[in-house]
Amino acid sequence: MSTETKPEQPTEQGGQGQQAAQESQQPAGQQGAEQVQQQQQAVQEVRPAEAKSVEVKLPRPRVSLSGRLRRLMRVRVLMERREPRWMSMDEWRFLRVAHRESWRRPKGNDNKIRLEIKGYPKRVKIGYGKPRLVRNLHPTGFKLVTVHRPEDVDKVDPTKEAIVIGRTVGLRKRIEIVRKAIERSVRVINVTKDVIDELSRSQ
């Protein structure tokens with residue numbers, strides 16, 4: 001008698017096992033990426049919408065200068081480029097002199113800068129002065145006015161003057177001063193980043 005072996009038919013359990021084996025053969029990177037995407041979507045659904053900060057636009061008016069003042073401003077820029085660096089005597093030798101807050105005029109009998117000896121720094125003279133009409137103007141052409149209170153902004157002329165907030169003014173008053181300046185279209189020279197951040201949050 002010949003014994004013939006019949007081919008085994010795949011059972012349902014065997015088909016499920018093959019599918020699981022095929023899934024296990026997929027690269028682990030793809031499965032990890034899919035899981036990460038699902039987690040991110042779930043987090044985005046749960047997370048509340050964050051409030052976006054509004055950008056604060058500071059006023060930047062331009063001053064109208066006459067032709068003569070514009071020419072003098074250009075002359076002042078050229079003079080500043082040629083101006084030497086003013087140094088005190090022995091500044092290159094002693095740190096206490098180099099780090100001194102104020103400049104002092106040379107007065108000694110043997111002071112080499114006062115005697116203008118060759119090889120020493122230049123002596124301060126009146127000839128290095130800038131044109132009188134533009135001597136105290138900002139490079140933008142505005143006249144600077146120091147402000148310590150919001151009420152002081154009302155006295156400023158927006159077409160000719162710009163404000164500089166005093167260094168002793170706190171953050172709360174700085175914000176009020178900048179708000180008042182924005183209302184009156186006055187240019188503020190020394191606006192700090194923390195003031196802009198507070199204004200953007202409050203708007």
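Reading the values: the criteria
Residues numbered from 1 in each chain as written. Predicted model: local features only at pLDDT ≥ 70, side-chain atom pairs only at ≥ 80, totals over all residues. Heavy atoms only, no water. Core = buried A, V, L, I, M, F, W, Y, C linked by side-chain atoms within 4.5 Å. Buried < 20%, exposed > 50% of the residue type's maximum accessible area, 1.4 Å probe, protein only. Helix = DSSP H or I, 4+ residues; strand = E, 2+ residues; numbered from the N terminus. Contact = heavy atoms within 4.5 Å. Patch = residues over 30% accessible without salt bridge, like charges linked within 9 Å, V, L, I, M, F, W, Y side chains within 5 Å. Areas by Shrake-Rupley, 256 points an atom, 1.4 Å probe, with all protein chains shown as cover. Salt bridge = Lys/Arg side-chain N within 4 Å of Asp/Glu carboxyl O. Lys, Arg positive; Asp, Glu negative; His and termini not counted. Charge placed at Lys NZ, Arg CZ, Asp CG, Glu CD. pLDDT = per-residue confidence, 0-100. Phe/Tyr/Trp six-rings, centres within 6.5 Å; stacked < 30°, edge-to-face > 60°.

(A) Focus on the nonpolar core. Ranked by internal contacts, the top residues of the largest apolar core, which has 15 residues, are Val153, Ile163, Ile165, Ile177, Ala181, Val186 and Leu199. Within the residue set of this core, elements represented by two or more residues are β2 (161–165), α5 (171–184) and α6 (193–202). In terms of residue count, α5 provides more of this core than any other element does, 4 residues in total. Dropping the residues within four chain positions of it, Val153 is found in contact with Val147, Ile163, Ile177, Lys180, Ala181, Arg184 and Val186. Within the second largest apolar cluster, 8 residues are counted, among which are Val63, Leu65, Leu72 and Val134.

(B) Geometry of a nonpolar patch on the surface. Residues Trp92, Leu115, Ile117 and Tyr120 make up a contiguous nonpolar surface patch of roughly 360 Å² in combined accessible area. By relative accessible area, which is 41% here, Trp92 ends up partly exposed.

(C) Summary view of the pattern of salt bridges. Applying the stated criterion to the full structure yields 11 salt bridges. With its nearest N and O atoms 3.6 Å apart, the salt bridge here joins Asp90 to Arg93. Residue class for Arg93 comes out exposed when judged on its relative accessible area of 56%. Note that Glu116 and Lys125 form a salt bridge whose closest N and O atoms lie 3.3 Å from each other. Look at the salt bridges and you will find they share partners, linking Glu116, Arg123 and Lys125 into a network.

(D) Quick peek at a positive patch on the surface. Residues Arg68, Arg70, Arg71 and Arg74 make up a contiguous surface patch of positive charge. Relative to the assigned elements, Arg68 resides in helix α3 (residues 67–82).

(E) Highlighting unusual backbone geometry. A positive phi angle is found at Glu116, which is not glycine, with a value near 55°. Even without glycine at this site, Ser185 takes up a positive phi of about 60°. With a relative accessible area of 38%, Ser185 lands in the partly exposed category.

(F) Molecular detail of the confidence of the model for the chain. Residue-level pLDDT values for the chain average 83, and 77% of them are 70 or greater. Confidence drops under pLDDT 50 across residues 46–51; counting only partners more than four residues distant or on other chains, this segment forms 0 contacts.

(G) Main features of the side chain of Arg187. Along the chain, Arg187 falls in the loop between α5 and α6. Of the side chains bearing the opposite charge, Glu161 lies closest to the buried Arg187, which forms no salt bridge; the N-O distance is 14 Å. When near neighbours in sequence (up to four residues on either side) are disregarded, Arg187 contacts Pro59, Arg60, Pro61, Thr140, Phe142, Ala162 and Ile163.

(H) Geometry of the packing of aromatic side chains. Across all of its chains, the model carries 2 aromatic pairs by this definition. Judged by centre distance (4.9 Å) and plane angle (80°), the rings of Trp86 and Tyr128 are edge-to-face. Of the two residues, Trp86 is situated in the loop between α3 and α4 (95–98) and Tyr128 in the loop between α4 and β1 (143–147); the sequence distance between them amounts to 42 residues. For Trp86, a relative accessible area of 25% puts it in the partly exposed group. The class of Tyr128 is partly exposed, set by a relative accessible area of 30%. Consider the rings of Trp92 and Tyr120, whose centres lie 6.2 Å apart with planes at 55°: the pair is tilted. One end of the pair, Trp92, is in the loop between α3 and α4; the other, Tyr120, is in the loop between α4 and β1, and 28 residues separate them in sequence. For Tyr120, a relative accessible area of 34% gives the class partly exposed.

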